Amino acid sequence: MPVIVTASQLRTVLGVSVSLYPDAYLDEIINTSEAVILPMLVANTSAVNAYELSDNVATYYTQRAHYFVPGQSIIVTGLPAPFTATVVVVTSGLYYFTAAITSTDVTERAIIPEGVATLSGYSAAAIYANTPAIESAILAVSVEVFQSRVAAGGEIQGVDFASTPYRMGRSLTNRVSTLLMPYLDVETVVQ
C-alpha cells in the first residue's frame, strides 16, 4: 500500500480515469516508485546481512553501523521465520544487535538479498509522509513508470518529440536528485 502518494494524486497528475486505470494498478506503480526513492533517504534503518540464534538469543548482523540501543523496538523484515519480527534490542554493538527469540538454534547465516531492520515508527515512509519534495520526486518517478508501461514498445515520446527508450535507467533517479538532496543518506551512496 503506498504511503507518500495516493492513487488519486497520481491519477490527477496523469489525467486518467478510474475506469481505465483502477487504484490497484496505480498503487503498483506508486509502490515501485517508493521502493526506488525511500531506500535512498536518511532513516533509522539498517541492512541485515547475517543472523544467528543461540540459546534463544538472536543476533542480527548489520552491513553498517546501526545506532540501535537496548530497549528500542526494531521491526525486522526480509529474513526467514522466526527472525522476521518486531524485536526489542537486548544488547548492541556497532555492527550487530541481539534480541530474545524462542526457537531452535540456527548457525550464523548470510542472507541475500539483505533483510532490513527499522526503528519502530521511524521508517522513511513515516518520516517523509508530509514532505513536498519527496512527494514530488515519487510522483515524477511514478509518471515515468506509468509511461514506460503504457508506451508502445516501451518507448516514450519526449516533449521535444524525440523518442527516449532509456527513461527507466540510472538517469531516472538523477532527474529527481535535486529534490532529494537534503534527505539523501550519504552512507548508502558510498557502499
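Below or above, wherever it landed, is the structure these notes cover. (Residues numbered from 1 in each chain as written. Predicted model: local features only at pLDDT ≥ 70, side-chain atom pairs only at ≥ 80, totals over all residues. Heavy atoms only, no water.)

## A few points about the environment of Gln-72
We apply this condition: Each helix is a run of H or I in the DSSP string that is no shorter than four residues. Each strand is a run of E no shorter than two, and both are numbered from the N terminus. Pairs of residues are marked as contacts when any of their non-hydrogen atoms sit within 4.5 Å.
Inspection of the secondary structure puts Gln-72 in the loop between β2 (57–62) and β3 (73–77). For the pair Gln-72 and Val-90, spaced 18 residues apart in sequence, the C-alpha to C-alpha distance is 8.5 Å. Setting aside its immediate chain neighbours within four residues, Gln-72 contacts Tyr-67, Val-87, Val-88, Val-89 and Leu-119.

## A few points about the pattern of salt bridges
Note the following rule: We define a salt bridge as a side-chain nitrogen of Lys or Arg found within 4 Å of a carboxyl oxygen belonging to Asp or Glu. Partly exposed residues are those whose accessible area sits between 20% and 50% of the maximum for their type, while under 20% is buried and over 50% is exposed, using a 1.4 Å probe and protein chains only.
Within the structure shown, the criterion is met by 4 salt bridges. When the shortest N-O distance is used, the salt bridge between Glu-28 and Arg-149 registers 3.6 Å. Here Arg-149 lies in helix α4 (residues 132–150) and Glu-28 lies in helix α2 (residues 23–37), a separation of 121 residues in the sequence. A salt bridge links Asp-185 to Arg-64; the nearest nitrogen and oxygen atoms lie 2.8 Å apart. Of this pair, Asp-185 sits in the loop between α6 (177–180) and α7 (186–189) while Arg-64 sits in the loop between β2 and β3, and the two are 121 residues apart along the sequence. Take Arg-64: its relative accessible area is 13%, and that puts it in the buried class.

## A few points about the side chain of Ser-46
Take Ser-46: it is sitting in strand β1 (residues 45–54). Assessed through its relative accessible area of 2%, Ser-46 is described here as buried. Residues within four places of Ser-46 in sequence aside, it is in contact with Thr-62, Gln-63, Arg-64, Ala-65, His-66, Phe-68, Gly-115, Val-116 and Ala-117.

## Focus: unusual backbone geometry
Here Ala-81 and Pro-82 are connected by a cis peptide whose omega angle stands at 0°. Residue position: Pro-82 is located in the loop between β3 and β4 (85–88). With omega at -5°, the peptide bond leading from Ile-112 into Pro-113 counts as cis. Mapped onto the elements of the fold, Pro-113 is located in strand β6 (residues 106–119). For Asp-55, which is not a glycine, the phi torsion comes out positive at approximately 55°. Along the polypeptide, Asp-55 turns up in the loop between β1 and β2. When its relative accessible area of 63% is taken as the criterion, Asp-55 is described as exposed. A positive phi angle is found at Asn-56, which is not glycine, with a value near 60°. Looking at the element boundaries, Asn-56 is found in the loop between β1 and β2. The partly exposed category is assigned to Asn-56, whose relative accessible area is 33%.

## Some thoughts on the pairing of β2
Convention followed: At least two DSSP bridges between two strands are required for those strands to pair.
Pairing geometry for β1 and β2, over 6 bridges, is antiparallel. Within the sheet, the bridge partner assigned to Tyr-51 lies in β2 and is Tyr-60. Taken together, β1 and the strand that follows it, β2, pair antiparallel across an intervening segment of 2 residues, in which Asp-55 is found at a positive phi of about 55°. Bridging between β2 and strand β5 (residues 96–100) involves 5 bridges; their strand directions are antiparallel. What sits directly across from Thr-59, in β5, is Thr-98.

## Structural notes on the layout of surface pockets
Our working definition: Definitions used throughout: a 1 Å grid over protein atoms alone; a cavity as a set of points that fits a 1.4 Å probe which cannot get out; a pocket as an open set with protein on both sides within 12 Å along at least five of seven lines; a lining residue as one with an atom within 4 Å of a point. Grid points are joined across faces, edges and corners, and a volume is the space filled by probe spheres set on the points. Only Asp, Glu, Lys and Arg are considered charged in this grouping, and only Ala, Val, Leu, Ile, Met, Phe, Trp, Tyr, Cys and Pro are considered nonpolar; every other residue, Gly among them, is considered polar.
Approximately 620 Å³ is the volume attributed to the largest pocket. Along the wall of the largest pocket there are 24 residues; nearest its centre are Leu-38, Pro-39, Thr-45, Val-116 and Thr-118. Tallied by class, the residues present in the lining of the largest pocket amount to 11 nonpolar, 10 polar and 3 charged. Of the voids in this model, the second largest pocket is the one considered here, and its volume is about 170 Å³. Looking at the second largest pocket, it is lined by 14 residues, and the ones nearest its centre are Ala-43, Asn-44, Thr-45, His-66 and Tyr-67. Its residues placed into classes, the lining of the second largest pocket shows 6 nonpolar, 5 polar and 3 charged.

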